[in-house]
Amino acid sequence: QQQVKQSPQSLIVQKGGISIINCAYENTAFDYFPWYQQFPGKGPALLIAIRPDVSEKKEGRFTISFNKSAKQFSLHIMDSQPGDSATYFCAASMYDGGSQGNLIFGKGTKLSVKP
Amino acid sequence: NAGVTQTPKFQVLKTGQSMTLQCAQDMNHEYMSWYRQDPGMGLRLIHYSVGAGITDQGEVPNGYNVSRSTTEDFPLRLLSAAPSQTSVYFCASSSRWKGTTEAFFGQGTRLTVV
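Notes on the structure in this doc start here. Because the structure is a prediction, the values reported are computed rather than measured.

## Some remarks on the overall build of chain B
And step 1. Within chain B, the regular secondary structure consists of zero helices and eleven strands.
And step 2. When its helices and strands are written in sequence order, chain B yields β-β-β-β-β-β-β-β-β-β-β.
And step 3. Against the globule reference of 13 Å for 114 residues, chain B gives a C-alpha radius of gyration of 13 Å, in line with a compact fold.
And step 4. Considering only C-alpha atoms, chain B reaches an extent of 40 × 30 × 25 Å along its principal axes.
And step 5. Going through the 114 residues of chain B one by one, you find that 48% of them count as buried.
And step 6. Sequence-distant contacts, at least 24 apart, represent 53% of the contacts inside chain B between residues at least 6 apart.

Written as structure tokens, this is what we have:
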């Protein structure tokens, strides 16, 4: 199964709060899990990524938590700011012997951070 | 360094018309791909290429053709436009070696078929 399931579809958070977006996958061959951020009218851009040999990766206010046994991973945005308002996509891919494979995207989460 | 450049940014087509969406990258990436983005559907892969002369189908290839004659360019052709192809199209490129898989996206082409 190639699907990546993302929730929630939309999220409203107060400034300074924590935003949490969750993703689940079925294919245990996936070995690369990135998060992309997209602002209106722009293309997605890589925000942070993790491989399954670690359970957490932090970059500034953004943290990926990874649970290999549950086949789930999540994005946490600490101290959320209005400038974080965007659509966030989780994705997954697998190494297929020759090179890293196609990215399979979740359906996206629209985050609004209220001042 | 321009990254990934898509043209046009906006296009309106009549049903049955054909057109080509252009995509060019200047990062010498071997891998390029086309996605379409529809509300509530995320990004769905249309076609991809792992190098010049090599293309393959993604999740939603019907109604689209691609070719890859050079490393830099990866045009997407709509053969006979249909209203179901109204969408935002994104081209992306990446280096696909294990450990360096960041995909760089263009700004998108918003296509409306009437």
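Right, picking up where we left off after that structure.
## Observations concerning the interface of chain A and chain B
One widely used convention gives an interface's size as the accessible area the parts lose upon coming together.
And step 1. Contact residues are listed per partner, giving 22 residues for chain A and 20 residues for chain B.
And step 2. When the two sides are added together, the surface that chain A and chain B hide from each other amounts to roughly 1,800 Å², 50% of it contributed by carbon and sulfur.
And step 3. Joining chain A to chain B, the criterion identifies zero salt bridges.
And step 4. There are four residue pairs in polar contact (both at pLDDT 80 or more) connecting chain A and chain B.

## Some thoughts on the pattern of salt bridges
And step 1. By the definition in use, this model includes five salt bridges over all chains.
And step 2. Between D84 of chain A and R61 of chain A there is a salt bridge, and its shortest N-O distance comes to 2.8 Å. Within this pair, whereas D84 of chain A is found in the loop between strand 8 (72-77) and strand 9 (86-92), its partner R61 of chain A is found in the loop between strand 6 (56-59) and strand 7 (62-67), the two being separated by 23 residues in sequence.
And step 3. Exposure remark for D84 of chain A: the relative accessible area of 5% places this residue in the buried category.
And step 4. Linking D38 of chain B and R44 of chain B is a salt bridge whose minimum nitrogen-to-oxygen distance equals 2.9 Å.

## Some remarks on the sheet that holds strand 7 (residues 64-66) of chain B
The pairing of strands in a sheet happens through backbone hydrogen bonds and is either parallel or antiparallel.
All names here are of chain B.
And step 1. With antiparallel pairing, four strands are arranged side by side in an open sheet as 1-3-8-7. Of all strands in the sheet, those with a lone pairing partner are strand 1 (4-7) and strand 7, marking the two edges. The average angle at which neighbouring strand axes cross in this sheet is 20°, direction not considered.
And step 2. With three bridges joining them, strand 7 and strand 8 (residues 76-78) adopt antiparallel strand pairing. Across the sheet, residue Y64 finds its bridge partner in strand 8, namely L78.

The rules behind each value
Residues numbered from 1 in each chain as written. Chains lettered and ligands numbered in written order. Predicted model: local features only at pLDDT ≥ 70, side-chain atom pairs only at ≥ 80, totals over all residues. Heavy atoms only, no water. Helix = DSSP H or I, 4+ residues; strand = E, 2+ residues; numbered from the N terminus. Rg over C-alpha atoms; globule rule 2.2 N^0.38 Å. Buried < 20%, exposed > 50% of the residue type's maximum accessible area, 1.4 Å probe, protein only. Contact = heavy atoms within 4.5 Å. Buried area = accessible area lost by both parts, 1.4 Å probe. Salt bridge = Lys/Arg side-chain N within 4 Å of Asp/Glu carboxyl O. Polar contact = N/O pair within 3.5 Å; in protein donor to acceptor, adjacent residues only side chain to side chain. Pairing = 2+ DSSP bridges. Axes fitted to C-alpha atoms, helices over the stretch in contact; angles between N-to-C directions.

Function cannot be read off these values alone, since they describe shape.
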